[in-house]
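Breakdown of the fold
The lines below spell out each chain.
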Amino acid sequence: MAESTGTDADSTGADLVGLAAEAYVYGYPLVYDLSMVGTSLHKGFGGMAAAPFNRFAHSERLADHRTEFVSVNNDTVYSIAQLDLSGGPLRLHVPDTGGAYYVLQFIDAWTNNFAYVGRRATGTAEGEWLIVPPGWAGSVPDGVRGVIDAPTSVVTVAGRYACDGPGDLPRVRALQERLTLAPLDGRPHRTGLPAPEPGVPEELRFFEELRVWMADFPPSAADQAYQDRFQPLGLLEEGPSPYAAAGPALVDALTKGLERGRARVEGVSRAGTGDGGRGPGSWHTDPHLFDYNLDHFGVGTIDSPQWRFADREASYLARAVAARVGLWGNHGYEAVYAQTFQDGEGRQLNGAHSYVLRFPEPPPVESFWSVTMYSTPDYYLVDNPAGRYSIGDRTPGLVHADDGSLTLYLSHDRPADPARAANWLPAPAGDFRPMLRLYTPGAAVLDGRYEIPAVEREGR
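Residues numbered from 1 in each chain as written. Predicted model: local features only at pLDDT ≥ 70, side-chain atom pairs only at ≥ 80, totals over all residues. Heavy atoms only, no water.

**Considering the overall build of the chain**
As a reminder of what qualifies: Strands are runs of DSSP state E lasting at least 2 residues, helices are runs of H or I lasting at least 4, and numbering of each runs from the N terminus. When we talk radius of gyration, it's over C-alpha atoms, and the globule rule is simply 2.2 Å times the number of residues to the 0.38. To sort residues, take the accessible area from a 1.4 Å probe on protein chains only and compare it with the maximum for the residue type: under 20% means buried, over 50% means exposed, and anything in between is partly exposed. The protein chains shown are the only cover counted for residues, whose accessible areas, like all others here, come from Shrake-Rupley with a 1.4 Å probe.
Helix and strand content of the chain: nine helices and 18 strands. In summary, the chain has a C-alpha radius of gyration of 23 Å against a globular reference of 23 Å for 460 residues, a match within 12%. Each principal axis of the C-alpha distribution contributes one length, and for the chain these read about 70 × 60 × 40 Å. Considering the chain as a whole, with its 460 residues, one finds that 55% of them fall into the buried category. Counting every atom, the chain has about 19,300 Å² of accessible surface; 50% of that belongs to carbon and sulfur.

Printed below as a string of C-alpha cells:
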C-alpha cells in the first residue's frame with residue numbers, strides 16, 4: 001500500500017508511520033540544534049567551556065588531535081554564544097580586526113543561517129549591532145550599525161577567527177576578549193531550554209522534545225502550515241504530553257516512523273560522500289548545502305533565487321542532512337568544503353601509500369584556503385610528529401615550482417627531500433579523508449567550473 005500523508009483521525013497505521021517519518025525529517029534539525037545548545041550551556045564542547053546564555057565561550061587554541069570533534073577545522077579559532085532573547089534585545093560589540101578574516105554566523109533554532117557579520121558581509125571595522133527577538137518594535141539606540149532580526153528567541157552565534165598558527169593566538173585572543181554581548185534593557189531571560197515532560201518513554205523522547213520545542217520556537221508561517229499535518233501524531237497538542245501514556249498503536253507508529261526517517265537522512269548523508277559525479281578521485285562539494293533557509297534574510301545574507309531551494313518540502317530533507325553532516329555550517333558564499341576518500345584511480349586513500357596533490361594554480365578564493373587531514377571513520381585530526389594538521393596558502397615555507405604550481409605531499413612518513421617535507425601533510429597509518437576548505441570562494445567554485453585536482457598515488 002502506498003503511504004499516505006493524510007492528517008485525519010482515521011489514518012491507518014501505515015499512514016501514521018509515514019507521517020512520523022516525515023515528522024522526523026522535518027523536526028530533526030530543531031531537536032539536534034537545541035540539544036547542542038543545551039550541551040553548550042551545561043557541558044561545553046570542542047575544547048570550549050560551558051557558558052550560560054548571552055555569553056561567549058572561546059577556544060583558547062587551534063584544534064589539534066586532542067580535539068575530539070568531527071571534522072573540526074584547524075584554520076580558525078572559535079567563539080560560540082547561545083543567545084536567549086526572551087528578555088529583550090542584545091547589543092553585540094565587535095572589535096576591529098585590521099582586515100583579518102573573521103565571521104560571526106547567526107543561526108536560529110531551526111538551523112537557518114539568517115545573518116552574518118564579518119569581513120565578507122560587513123567589513124572588519126569596530127562596531128555595534130542590535131540583535132532583536134521576533135516581533136520586537138522598540139527604538140534602536142544611537143551608535144548601532146544595524147539591526148539583526150532573530151526568527152526565534154534562541155539563537156546560536158558561531159564565530160570563527162582566522163589564525164595563522166600558534167604564534168598568532170595572542171592577536172586572536174585579544175580580539176575575542178573585546179567581543180561582547182550586553183542586554184539593551186536588563187530584563188531577565190531564561191536560564192535553560194524548555195524541558196520535555198518527565199515520564200515520557202525514552203523511545204518517544206525525540207517526539208516529545210519536538211512537540212515542546214516546536215511550540216516554544218515556532219517556525220515561519222509557511223512552515224507552520226506544513227507542520228499542521230502532524231496533528232494525528234500529537235505533535236501539536238498543548239499541555240500534558242500525549243506520549244507519557246501513549247497507546248500501543250501510536251507508540252508503534254512513532255518508533256517505526258523514527259527509524260524510517262532516520263534511515264532516510266542517513267542514506268542521503270552517506271550518498272553525499274561519493275565522487276560528485278565526475279569520476280574516480282573527484283572531490284565532493286556542495287556549495288548549496290545550506291540553502292534551505294527560505295524565509296529569513298538579514299544582515300550579510302544573499303536574498304536571491306540562486307541561494308534558495310525552489311521546493312519547500314525538498315528543503316526539509318536538505319536541512320536535516322545539513323544538520324547531520326555539518327551542523328552550524330556556513331552558506332557556500334561564505335565558505336565551501338570539499339572532501340574525497342579516493343585517489344585518481346578510485347582507490348581508498350591509505351597511509352600505507354604516498355600521494356601528491358598538485359594545484360597548477362591556487363584555488364580561486366577571496367580569503368584563504370587549506371587542506372586538512374582527517375582519520376576515518378572518526379574524522380578526527382591526525383596526531384603527527386610535525387604538529388601539522390592542515391596546509392594551505394598561509395602555511396609558511398611552502399615550496400612552489402618554477403611555473404608557480406604547488407604540489408602537496410600526503411603520506412604517513414615524512415618525506416626525506418626537504419622541499420617535499422616543506423609541503424608535507426601528515427596522514428595516519430590507515431585510511432584517511434582530506435578536506436579542502438575555501439573561504440569566501442570565487443565564482444568558479446560556486447558555479448561548478450572549478451575542478452579540484454585528484455589526489456594521485458605515487459608508485460604502484
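**Focus: the pattern of salt bridges**
Applicable threshold: The salt bridge definition used is simple: a Lys or Arg side-chain nitrogen within 4 Å of an Asp or Glu carboxyl oxygen.
Scanning the entire structure with this criterion turns up 26 salt bridges. Put simply, Arg394 and Asp164 hold a salt bridge, and the shortest N to O gap is 2.6 Å. Highlighted residues: Arg394 in the loop between strand 14 (390–392) and strand 15 (406–411) and Asp164 in the loop between strand 8 (154–162) and helix 3 (169–177), separated in sequence by 230 residues. Overall, the relative accessible area of 25% leaves Arg394 in the partly exposed class.

**Some thoughts on the nonpolar core**
Short version of the rule: Take the buried residues of types Ala, Val, Leu, Ile, Met, Phe, Trp, Tyr and Cys, join any two whose side-chain atoms come within 4.5 Å, and each joined set is a nonpolar core. An automatic or database domain assignment is the source of the domain bounds shown. Here, residues are in contact when the closest pair of their heavy atoms is within 4.5 Å.
Counting residues in each nonpolar core, the largest one holds 43 residues, and the members touching the most others are Leu34, Phe207, Leu233 and Leu235. For this core, the elements supplying multiple residues, two or more each, are helix 1 (13–42), helix 4 (205–216), helix 6 (248–271) and helix 7 (312–326). In terms of residue count, the dominant contributor to this core is helix 1 (14 residues). Residues lining this core come from more than one domain, with at least three contributed by each of domain 1 (8–36 + 193–272) and domain 2 (284–457). Leaving out residues up to four positions away in the same chain, Phe207 has contacts with Ala20, Ala23, Leu235, Tyr243, Leu254 and Leu258. One finds Tyr355, Val371, Ala427 and Phe432 within the second-largest nonpolar core, a separate group that totals 36 residues.

**Let's talk about the domain arrangement of the chain**
Our working rule: We define a polar contact as two N or O atoms separated by no more than 3.5 Å, with the added condition that, inside protein, one atom must be a possible hydrogen donor and the other a possible acceptor, whereas residues neighbouring each other in sequence contribute only through side-chain atom pairs. Residues were grouped as follows: Ala, Val, Leu, Ile, Met, Phe, Trp, Tyr, Cys and Pro as nonpolar; Asp, Glu, Lys and Arg as charged; and all remaining residues, including Gly, as polar.
Domain boundaries in the chain define domain 1 (8–36 + 193–272) and domain 2 (284–457). For domain 1 versus domain 2, the distance between C-alpha centres works out to 35 Å. Among the salt bridges present, the one from Arg312 reaches Asp223, with a minimum N-O distance of 2.8 Å. Our enumeration of links across domain 1 and domain 2 arrives at six residue pairs in polar contact (both at pLDDT 80 or more). For the side of domain 1 that touches domain 2, the elements supplying multiple residues, two or more each, are helix 1, helix 5 (221–227) and helix 6. With seven residues, the top contributor of residues to the side of domain 1 that touches domain 2 is helix 1. Broken down by class, the residue content of the side of domain 1 that touches domain 2 amounts to ten nonpolar, three polar and five charged.

**A short note on the sheet that holds strand 15**
This is how it is decided: A pair of strands is labelled paired if DSSP reports no fewer than 2 bridges between them.
Spatially, four strands are ordered 16-15-12-18 in an open sheet, and the strand pairing comes out mixed. This sheet does not close on itself; its edge strands, each paired only once, are strand 16 (424–426) and strand 18 (456–457). Sheet analysis places strand 12 (residues 355–359) next to strand 15, joined by five bridges and oriented antiparallel. Residue pairing in the sheet places Phe359 in a bridge with Leu406 of strand 15.

**Topic: the UniProt feature "domain: DUF1254" (unreviewed entry) in the chain**
The condition that has to hold: UniProt positions are given in the numbering used here, feature names are shortened, and annotations may be inferred rather than shown by experiment.
Residues given the UniProt feature "domain: DUF1254" (unreviewed entry) here are residues 53–183. The annotated region residues 53–183 carries 10% helix and 40% strand content, and the separation between its end C-alpha atoms amounts to 11 Å.

**Focus: the packing of aromatic side chains**
Going by this rule: Stacked, tilted and edge-to-face are the three classes assigned to paired rings of Phe, Tyr and Trp, where Trp is represented by its six-membered ring and a pair needs centres within 6.5 Å; plane angles under 30 degrees give stacked, over 60 edge-to-face, the rest tilted.
Taken as a whole and judged by the stated rule, the model has 22 aromatic pairs. With centroids separated by 5.6 Å and ring planes inclined at 15°, the aromatic side chains of Tyr102 and Tyr161 adopt a geometry described as stacked. Of the two residues, Tyr102 sits in strand 4 (residues 102–108) while Tyr161 sits in strand 8, which places them 59 residues apart along the sequence. Taking relative accessible area as the criterion, Tyr102 reaches 1% and is therefore assigned buried. What makes Tyr161 buried here is its relative accessible area of 1%. Taking 6.2 Å as the distance between ring centres and 65° as the angle between the ring planes, the aromatic pair formed by Phe341 and Tyr379 counts as edge-to-face. Separated by 38 residues along the polypeptide, Phe341 in the loop between strand 11 (335–339) and strand 12 and Tyr379 in the loop between strand 13 (365–375) and strand 14 bring together distant segments of the chain.

**Remarks on the sheet that holds strand 1 (residues 56–58)**
The test is simple: Every axis in this analysis is a line fitted to C-alpha atoms, fitted for helices over the stretch in contact. Angles between the N-to-C directions lie between 0 and 180 degrees.
Pairing is antiparallel in the open sheet, where five strands are placed in the order 1-2-8-4-5. Strand pairing shows two members of the sheet lacking a second neighbour, strand 1 and strand 5 (113–118), which therefore form its edges. For this sheet the average axis-to-axis angle between neighbouring strands, irrespective of direction, equals 20°. Pairing of strand 1 with strand 2 (residues 76–84), which is carried by three bridges, proceeds in the antiparallel orientation. Bridging across to strand 2, Phe56 finds its partner in Ala81. In the packing of helix 1 onto the sheet, contacts are made with strand 2, strand 4 and strand 8, and the angle to strand 8 comes to roughly 70°.

**Re helix 6**
Put simply, the rule reads: By definition here, a helix of n residues has an expected span of 1.5 Å times n minus one.
The first and last C-alpha atoms of helix 6 sit 34 Å apart over 24 residues, in line with the 34 Å expected at 1.5 Å per residue. Buried positions along helix 6 lie against helix 1, helix 4 and helix 7.

**Thoughts on the confidence of the model for the chain**
Filter applied, for reference: The quantity known as pLDDT measures the predictor's confidence residue by residue, on a range of 0 to 100.
Overall, the prediction assigns the chain a mean pLDDT of 93, with 96% of residues at 70 or greater. Here residues 1–10 is modelled with pLDDT under 50, and outside its nearest four sequence neighbours on either side it reaches 13 contacts, counting other chains as well.

**Points about the packing of helix 1 against helix 7**
This is how the line gets drawn: In a left-handed crossing the near helix is turned counterclockwise from the far helix by less than a right angle, and in a right-handed crossing that turn is clockwise.
Between helix 1 and helix 7, the shortest axis-to-axis distance is 8 Å and the interhelical angle comes to 35°. Here helix 1 and helix 7 pass one another in a crossing that is left-handed. Taking contact as the criterion, the partners of Val25, Tyr26, Tyr28, Pro29 and Tyr32 in helix 1 are, on helix 7, Tyr316, Leu317, Arg319, Ala320, Ala323 and Arg324. Among the residues making up the contact of helix 1 with helix 7, the classes are represented as nine nonpolar, no polar and two charged.

**A closer look at the side chain of Asn112**
Within the secondary structure layout, Asn112 lies in the loop between strand 4 and strand 5. In this structure Asn112 touches Phe106, Ile107, Tyr292, Asn293 and His296, once residues within four positions along its chain are discounted.

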